[in-house]
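As a plain string of letters, each chain reads:
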Amino acid sequence: MSEDNIKTLIDDMTGDWQPAGKMWHPVARVVPWAALMVVYIYGVVMYVGLRRDWPGIADDIFFIFEIGLTAMMAISAAIASSWLGIPDMGGRKWVLYVPLTLFGVFILWLGCHVYGQGGLPLLSRHQGLHHCFSEGLLMGTVPVAGLMFLTRRGATTRPFMSAFMSILAGGALGWIGLRFSCGATNMVHVLLYHFLPFVLMGGVIGSLARWLYRW
């Protein structure tokens, strides 16, 4: 191929290119999302109603630990999701380890509660559907969708991890909302109506990850 033909080919390939706008810092991009989602979760909790024992939960150290753990998980996963919008994550792949570690602690925390109430056979006590299931989806869907929209404005090369981080962040916020609206301690209820909605959401979004995060 001659030099003129090469130049013509390059001109044809780049003729429609437009200057790319400068992206905000990944952490700065998450701040507006976090502020809006806190207001959203608060609004949904006020709409469905606070749990009956809410004045006394501030003295429950286990509840405070759980909320603190899930809040840190939501924030770190949201930041990781935003960094994933950059193809090489700016060389900060360690950012992923924080939410993954916190998620591991959360699963251990949940597992200890399940074991303390009799293990997984307790799921045989399930009786009917509960409104917490739909409320969990309501609280989690909007945060997940909003964070995915932010991430898609970048160019991730890891669609499945991006989807997981978005679900982890949004699901953690939804979990916090459910814990303020529902005072259930029965692990059948918690697993089926607080945890399962986000698992199902993750399965659906994960199966569509390549399509959702396409360039």
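Residues numbered from 1 in each chain as written. Predicted model: local features only at pLDDT ≥ 70, side-chain atom pairs only at ≥ 80, totals over all residues. Heavy atoms only, no water.

Colleague: Residues and numbers for the packing of helix α5 (residues 131-152) against helix α6 (residues 159-181), please.
Modeller: Relative to each other, α5 and α6 sit at 145 degrees, their axes nearing to 8 Å. For the element pair α5 and α6, the recorded crossing hand is right-handed. Packed against α5, whose contacting residues are Cys 132, Glu 135, Gly 136, Met 139, Gly 140, Pro 143, Val 144, Leu 147, Met 148 and Thr 151, the element α6 presents Ser 162, Met 165, Ser 166, Ile 167, Ala 169, Gly 170, Gly 171, Leu 173, Gly 174, Gly 177, Leu 178 and Ser 181 at the interface. For the contact of α5 with α6, the class distribution of residues is 11 nonpolar, 10 polar and 1 charged. (Axes fitted to C-alpha atoms, helices over the stretch in contact; angles between N-to-C directions. Helix = DSSP H or I, 4+ residues; strand = E, 2+ residues; numbered from the N terminus. Left-handed = near helix turned anticlockwise from the far one by under 90°. Contact = heavy atoms within 4.5 Å. Nonpolar A, V, L, I, M, F, W, Y, C, P; charged D, E, K, R; others polar.)

Colleague: Could you give an account of the environment of Gly 90, with specific residues and numbers?
Modeller: As for its position among the elements, Gly 90 is in the loop between α3 (61-83) and α4 (97-116). Remark: the alpha-carbon pair of Gly 90 and Pro 26, spanning 64 residues in sequence, is separated by 9.9 Å.

Colleague: Any chance you could break down a nonpolar patch on the surface for me, citing the residues and the numbers?
Modeller: Taken together, Trp 94, Tyr 97, Val 98, Leu 100 and Phe 164 make up a surface patch of nonpolar side chains, about 500 Å² in accessible area. Locating Phe 164 in the fold gives a position in helix α6. For Phe 164, a relative accessible area of 30% translates into the label partly exposed. (Patch = residues over 30% accessible without salt bridge, like charges linked within 9 Å, V, L, I, M, F, W, Y side chains within 5 Å. Areas by Shrake-Rupley, 256 points an atom, 1.4 Å probe, with all protein chains shown as cover. Salt bridge = Lys/Arg side-chain N within 4 Å of Asp/Glu carboxyl O. Buried < 20%, exposed > 50% of the residue type's maximum accessible area, 1.4 Å probe, protein only.)

Colleague: Requested: an account of helix α2 (residues 26-48), with residues and values cited.
Modeller: In this model, α2 (23 residues) spans 33 Å end to end at C-alpha, consistent with the 33 Å of a helix rising 1.5 Å per residue. Inspection of α2 places Pro 26, Arg 29, Val 30, Trp 33, Met 37, Ile 41, Val 44 and Val 45 among the buried residues, and these make up the whole buried set. Gly 49 occupies a position one or two residues after α2 and carries a positive phi of about 105 degrees. (Expected span 1.5 Å × (residues − 1).)

Colleague: Lay out the side chain of Arg 51 in plain terms, naming residues and giving numbers.
Modeller: With respect to the secondary-structure elements, Arg 51 resides in the loop between α2 and α3. We classify Arg 51 as buried; its relative accessible area is 7%. The contact partners of Arg 51, leaving out residues within four places of it in the chain, are Ile 57, Phe 63, Arg 179, Phe 180, Ser 181, Cys 182 and Gly 183.

All we've got here are geometric facts, nothing functional implied.
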